[in-house]
Amino acid sequence: MKNVIILFFYSLTFYGQDNYPKDYFCSPLDIPLQLSGNFGELRSNHFHAGFDFKTQQKEGLNVYAAAEGYISRIKITHGGYGKAIYITHPNGYTTVYGHLQSGFGEIEKFIINEQYKAKSYEIELLLQPTDLLVKKGEIIAISGNTGGSDGPHLHFEIRDTASEKIINPMYFGFDTEIKDTKKPFFMGLYVYPIDENSIVNQSKRPLLLTYDQQINGDYLAEKIAANGKIGFGIVVNDYDDVSWNTNGAFKVETFLNGNLSFGYTFDTFSFDETRYINALIDYERFKNEKQRIQKLFAVNLYPLSILKTDANFGIIDVTNNVTKLYKIEVSDFHGNKSRICIPISFSNTSSVVAEKPKTSKYHVKTKRDNIFSLENVTVTIPTNTFYDDFYMDFEVQNNTVKVHRDFIPAHSSFQIAFEDSISSEKDREKMFIGLFDGKKINHYTTKRYKNTFSIYTKTLGEYRLVKDTISPEIILAKNLAEKCISDRKTIHLTISDDLSGIKSYEGYLNGKWILLEYESKLKRLTHKFSDGIVAEGKNDLKVVVTDNVGNSTIFETHFYRSQKQ
């Protein structure tokens, strides 16, 4: 069954893109649309789930409802989408608007009221169809830079309401808003020996290949001389005519002697499968060189719905006296296409470049549970935590465990546990397990049972059991003591904690809880006087910040304010 096709894809394959309404949704912005990120673009630990629309490098633009419906969800978090609004539409789809500065009008009043009810900046609200109705083109929010955003922009998604699968917005007519006549561009081509018996161009290690453009615009790669099982990888960027930055490719297909070998199309996928990006890319190369090579094969096939692959999962078995032609085609949504052809021949020449030596005795087998113990540390790795087997570096010294390096991607969590029979009970109350990234300790939520500390993590690396007795720091941007600040609209404070990190913060004016908006990128708390809590005359301000092991700092001051203008 050499040419059997294994298919992992959904509605677009069966129903076609023409079933999506092309003119139902309008633009969420009233400026020409430019992308800073497209659907499916390769990101850290995930595929990008929508469009990132540029907002002219600033905050404060009006954000419009793309169609009529009701606001079904409001979620405000320190990271992720920051301030996000979800609108459910009567045609079976939901649109998402993320990284907002604020809601607009009555919507913002509703949000603030709910935050005061919950006494929390972070909230998640699930609303009823009659709570907040919106019309197509109605202003719902103001664009911003909240959450995990690297700069001002609007994150925009379209989801199937019933399944919550994300769908490429291009299918809904946004392709007409963003002109694109440019082909995707190959940035690199690589060949991989798959196992210890494979040799390619006299090497047992991955190689960068050269290629030249032909008269017809396609590319021809250098000839491959191989023996055994091999696979290929590419680095590819896409461009449109209006955005002036790189985006990810929409469709990749490979063919061996004319038959489909491996491919994927970024049409729709679920959030549950987005972490499979780490199986798709050469994760070690990404961690070492910040370069995302998309692998066009799988040693162990993973259930990513966008994949299409033959029975060999894209792996090519090069045997005696057999010549093969391998072709890679990369397309954008508008049909612009680039191709590379790679001739492959058999060679029994021995290797000059040997494979990397295996220096560890700890072998992780992905199809079974793994438990490793050394001194006071135990690492427990459940079945299918990793995508492939590997030899793991494992050593313990001075309450520090080195669990390999972050070159191997984990799909699910594994456990690291420390036993501490030396520290006092008082000290244990201030201890946690953290990941050392070479510069600082990153706190992990740590469970303790008697003298055993444990965490769950998806990252290999160096973990330490550490103690934190230092309280957080609170700094007021401008001194308020004894001052009249009637002309100010806000109060700003900077908060920080150098070890276990901030867990919570609370603010009070004259004994009443006040909303403090936390911008984690700036480590800044902001209170807006428009909330209406500030009093005429003297006001007492109190802010309490607590870190992740219970150390707290209390900041108090007072100021004067006149409401009379």
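Quick caveat, the model's predicted, so the values are computed rather than measured.

(A) Representation of the overall build of the protein chain in the model. Along the protein chain, the regular secondary structure elements total 5 helices and 48 strands. With respect to the principal axes defined by its C-alpha atoms, the protein chain has extents near 90 × 65 × 35 Å. In the form shown here, the protein chain has an accessible surface area of approximately 26,800 Å², with 48% of it arising from carbon and sulfur atoms.

(B) Focus on the pattern of salt bridges. Enumeration according to the criterion identifies 22 salt bridges in this entry. Note that Glu-41 is salt-bridged to Arg-43, the shortest N-O span being 2.9 Å. A salt bridge links Lys-337 to Glu-329, with the nearest nitrogen and oxygen atoms 3.5 Å apart. Using a relative accessible area of 28% as the deciding quantity, one classes Lys-337 as partly exposed. In the salt-bridge network here, residues are joined through shared partners; they are Asp-218, Lys-327, Glu-329, Lys-337 and Arg-339.

(C) How the structure looks around the environment of Ser-454. For Ser-454, the position within the fold is in strand β39 (residues 452-457). On the basis of relative accessibility, which here comes to 14%, the residue Ser-454 falls in the buried class. Taking C-alpha positions, Ser-454 is 9.4 Å from Tyr-444, a pair spaced 10 residues apart along the chain.

(D) Region of the structure containing the sheet that holds strand β43 (residues 502-509). With respect to topology, 4 strands assemble into an open sheet ordered β44-β43-β47-β48, the strand pairing being antiparallel. Each having just a single partner strand, β44 (512-514) and β48 (552-561) make up the two edges of the open sheet. In this sheet, adjacent strand axes meet at a mean angle of 30 degrees when their direction is disregarded. Strand direction decides the pairing type here: β43 and β44, joined by 3 bridges, are antiparallel. Looking at the pairing, Leu-509 lines up with Lys-512 of β44.

(E) Inspection of the pairing of strand β15 (residues 185-193) at higher detail. The buried count for β15 comes to 7 of 9 residues, which makes it a mostly enclosed element. Sheet topology note: the β15/strand β20 (residues 224-237) ladder contains 8 bridges and is antiparallel. Paired with Phe-186 across the strands is Val-236, a residue of β20. Two strands pair when backbone bridges link them, and β15 and strand β17 (residues 207-208) are joined in this way by 2 bridges, in the antiparallel orientation. Residue pairing across strands places Tyr-190 opposite Leu-208, the latter belonging to β17.

(F) Main features of the packing of aromatic side chains. All told, the structure shown has 35 aromatic pairs when counted by the stated rule. Look at Tyr-20 and Tyr-93: their rings are 6.2 Å apart centre to centre, the planes differ by 50 degrees, and that puts the pair in the tilted class. With Tyr-20 in the loop between α1 (11-15) and β2 (35-37) and Tyr-93 in strand β9 (residues 93-103), this residue pair connects regions lying 73 residues apart in the sequence. Considered together, Tyr-20 and Tyr-93 belong to a single accessibility category, that of buried residues. An aromatic cluster of three or more residues is present, and its members are Tyr-20, Tyr-24, Phe-25, Tyr-93, Tyr-171, Phe-172, Phe-250 and Phe-333. In this structure, Arg-73 is placed above the aromatic ring of Tyr-86, and the distance from its NZ or CZ to the ring centre is 4.5 Å. Looking at Lys-290, its charged tip hangs above the ring of Phe-286, at a distance of 5.5 Å from the centre.

(G) View of the nonpolar core. Judged by nonpolar contacts, the single largest core of 113 residues is most densely connected at Phe-53, Ile-140, Ile-224, Ile-230, Phe-232 and Ile-342. Looking at this core element by element, the count peaks at 6 residues for β20. Beyond its immediate stretch of four places on either side in the chain, Ile-140 contacts Val-63, Tyr-64, Ala-65, Ile-85, Ile-87, Tyr-97, Gly-103, Phe-104, Ile-107 and Val-134. Ranked by size, the runner-up nonpolar core spans 27 residues in total, among them Phe-372, Phe-394, Val-401 and Ile-416.

(H) Structural context of the side chain of Asp-282. Within the secondary structure, Asp-282 sits in the loop between α3 (277-280) and α4 (283-289). Lacking a salt bridge, the buried Asp-282 has Arg-285 as its closest oppositely charged neighbour, with an N-O distance of 4.7 Å. A polar contact is formed between the side chain of Asp-282 and the side chain of Tyr-192, at a distance of 2.6 Å. Within the structure, the side chain of Asp-282 is placed 3.1 Å from the backbone nitrogen of Arg-285, a separation counted as a polar contact. Once you skip the residues sitting within four places of it in the chain, Asp-282 turns out to touch Tyr-192, Ile-293 and Lys-295.

(I) Highlighting the sheet that holds strand β31 (residues 377-381). An order of β30-β31-β35-β39-β38 is seen for the 5 strands of this open sheet, with the pairing classed as antiparallel. Strands at the two margins of the open sheet, each flanked by one partner only, are β30 (370-374) and β38 (447-449). Within this sheet the neighbouring strands show an average axis-to-axis angle of 20 degrees, counted without direction. Pairing between β31 and strand β35 (residues 414-419): 4 bridges, direction antiparallel. Bridge assignment links Thr-380 to a residue of β35, and that residue is Gln-415.

(J) Layout of the pairing of strand β12 (residues 139-143). Summarising burial for β12: 4 of the 5 residues are buried, a large majority. Bridging between strand β6 (residues 62-64) and β12 involves 3 bridges; their strand directions are antiparallel. When the bridges of β12 are listed, Tyr-64 appears paired with Ile-139. Here β9 pairs with β12 via 3 bridges, running antiparallel. Opposite Ser-102, over in β12, you have Ile-142 as the bridge partner.

Conventions and cut-offs
- Residues numbered from 1 in each chain as written.
- Predicted model: local features only at pLDDT ≥ 70, side-chain atom pairs only at ≥ 80, totals over all residues.
- Heavy atoms only, no water.
- Helix = DSSP H or I, 4+ residues; strand = E, 2+ residues; numbered from the N terminus.
- Areas by Shrake-Rupley, 256 points an atom, 1.4 Å probe, with all protein chains shown as cover.
- Salt bridge = Lys/Arg side-chain N within 4 Å of Asp/Glu carboxyl O.
- Buried < 20%, exposed > 50% of the residue type's maximum accessible area, 1.4 Å probe, protein only.
- Pairing = 2+ DSSP bridges.
- Axes fitted to C-alpha atoms, helices over the stretch in contact; angles between N-to-C directions.
- Phe/Tyr/Trp six-rings, centres within 6.5 Å; stacked < 30°, edge-to-face > 60°.
- Lys NZ or Arg CZ within 6 Å of the ring centre and 35° of its normal.
- Core = buried A, V, L, I, M, F, W, Y, C linked by side-chain atoms within 4.5 Å.
- Contact = heavy atoms within 4.5 Å.
- Lys, Arg positive; Asp, Glu negative; His and termini not counted.
- Polar contact = N/O pair within 3.5 Å; in protein donor to acceptor, adjacent residues only side chain to side chain.

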